[in-house]
Amino acid sequence: MLNRRTIGDVMTEEVITLRADTPFHEVAALLDANDIGAAPVIDDDGAPIGVVSASDVLRHETGLPDALGQDGDDEHAWGKARAQTAGALMSSPVFTARADWTIPRAARELRTRHVKQLPVVDHNGLLTGIVSRSDLMNTFIRSDDEIRDEVEQDVLGRILGMAEGTVTVEVEDGAVLLRGQVTQPRLVAVVVGLCQGVEGVVAVEAHLRAAPA
């Protein structure tokens, strides 16, 4: 199988964290100074117990449960608007990820949970990093040269054991074009499927033929 990158490969390990008793003004200052959209709140052991986002800070600044200034009757939202500490301001429970998760799994979790970042925890539930949507998106932004090298070296060479030059590989804007010969007709679908699994590939076009028997 291809060596698929995991959350541990792309997450930020140096995480700006808050404590439940961190005063509001410190929360706002930390988010602003570090130009981040959210920060996890951890307990004394280092386990995440919630997340404070920039929208939570805006609720407090406006004094209204809706950051856009619209009225609302959600008591929890009103509580955030009046919060004086990170513990009162945070969203909880917190949804977390593991470093060994694949990129697609984390992307699905972000979408399902409607959040922009996930704290990453170890097997003891302690914070080890944080991963954001932008971290995941960056994994799909690879140069054509990187994609071509992986197809040639990993897919064709290491996995399928093809001799160099048997299949030529061209990549443009993430689209892979394959030309050449394979030993058996059934290998055409195998080569295409493996290339489609390479991170950053957006399309695969194969002009492959089986070598004469």
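All of these numbers come straight from a predicted model, not from anything done at the bench.

Caption draft 1: Layout of the sheet that holds strand β6 (residues 127-132). The strand order across the open sheet built from three strands is β4-β5-β6, with neighbouring strands paired in mixed fashion. The sheet is open, and its two edges are formed by β4 (97-98) and β6, each paired on a single side. Across five bridges, the pairing between strand β5 (residues 117-121) and β6 is antiparallel. Among the inter-strand pairings, Pro119 is bridged to a residue of β6, identified as Ile130.

Caption draft 2: Representation of the sheet that holds strand β8 (residues 175-182) within the structure. A sheet is described by the order of its strands in space; here three strands give the open sequence β7-β8-β9, paired in mixed fashion. The open sheet is flanked by β7 (167-172) and β9 (203-210), the only strands paired with a single partner. Geometrically, the sheet is characterised by an average inter-axis angle of 10° between neighbouring strands, direction not taken into account. Packing against the sheet, helix α8 (residues 144-159) makes contact with β7 and β8, and its axis sits at approximately 155° to β7. Along the sheet, helix α9 (residues 187-196) makes contact with β8 and β9, crossing β9 at roughly 155°.

Caption draft 3: Expanded view of unusual backbone geometry. Here Ser92 and Pro93 are connected by a cis peptide whose omega angle stands at 5°. Note on placement: Pro93 falls in the loop between α5 (86-89) and β4. Unusually for a residue other than glycine, Asp35 sits at a positive phi of about 50°. Mapping Asp35 onto the fold places it in the loop between α2 (24-33) and β2 (38-42). For Asp35, a relative accessible area of 71% gives the class exposed.

Caption draft 4: Examining the packing of α8 against α9 more closely. Running from N to C, α8 and α9 point in directions that differ by 140°, and their axes come no closer than 11 Å. With respect to α9, the axis of α8 lies oblique. Crossing geometry of α8 relative to α9 is assigned as right-handed. Here α8 contributes Val151, Val155, Leu156 and Ile159 to the contact with α9, which in turn contributes Val191, Leu194 and Cys195. Broken down by class, the residue content of the contact of α8 with α9 amounts to seven nonpolar, no polar and no charged.

Caption draft 5: Representation of the nonpolar core. Membership of the largest hydrophobic core comes to 17 residues, with the highest contact counts inside it found for Ile147, Val151, Leu156, Val169, Val176, Leu178 and Val191. Among the elements of the structure, α8, β7, β8 and α9 are those that each provide at least two residues to this core. With four residues, α8 is the single largest residue contributor to this core. Sequence-distant contacts of Val191, that is, excluding residues within four places in its chain, are made with Leu156, Leu160, Met162, Leu178, Val182 and Leu208.

Caption draft 6: Quick peek at the pairing of β6. Most of β6 is tucked away: five of the six residues are buried. Between the antiparallel neighbours β5 and β6 lie five residues, among them Gly125 with a positive phi of about 80°.

Caption draft 7: Geometry of a negative patch on the surface. Taken together, the side chains of Glu146, Asp149, Glu152 and Glu164 define an acidic patch exposed on the protein surface. Along the polypeptide, Glu152 turns up in helix α8.

Caption draft 8: Seen up close, the environment of His207. Mapped onto the fold, His207 is located in strand β9. Between the C-alpha atom of His207 and that of Leu177, which follows or precedes it by 30 residues, the distance is 7.7 Å. Excluding residues within four positions of it along the chain, His207 makes contact with Leu177, Leu178, Arg179 and Gly180. Separated by 2.7 Å, the side chains of His207 and Glu205 make a polar contact.

Thresholds applied
Residues numbered from 1 in each chain as written. Predicted model: local features only at pLDDT ≥ 70, side-chain atom pairs only at ≥ 80, totals over all residues. Heavy atoms only, no water. Pairing = 2+ DSSP bridges. Helix = DSSP H or I, 4+ residues; strand = E, 2+ residues; numbered from the N terminus. Axes fitted to C-alpha atoms, helices over the stretch in contact; angles between N-to-C directions. Contact = heavy atoms within 4.5 Å. Buried < 20%, exposed > 50% of the residue type's maximum accessible area, 1.4 Å probe, protein only. Parallel < 35°, antiparallel > 145°, perpendicular 65-115°, else oblique. Left-handed = near helix turned anticlockwise from the far one by under 90°. Nonpolar A, V, L, I, M, F, W, Y, C, P; charged D, E, K, R; others polar. Core = buried A, V, L, I, M, F, W, Y, C linked by side-chain atoms within 4.5 Å. Patch = residues over 30% accessible without salt bridge, like charges linked within 9 Å, V, L, I, M, F, W, Y side chains within 5 Å. Areas by Shrake-Rupley, 256 points an atom, 1.4 Å probe, with all protein chains shown as cover. Salt bridge = Lys/Arg side-chain N within 4 Å of Asp/Glu carboxyl O. Lys, Arg positive; Asp, Glu negative; His and termini not counted. Charge placed at Lys NZ, Arg CZ, Asp CG, Glu CD. Polar contact = N/O pair within 3.5 Å; in protein donor to acceptor, adjacent residues only side chain to side chain.

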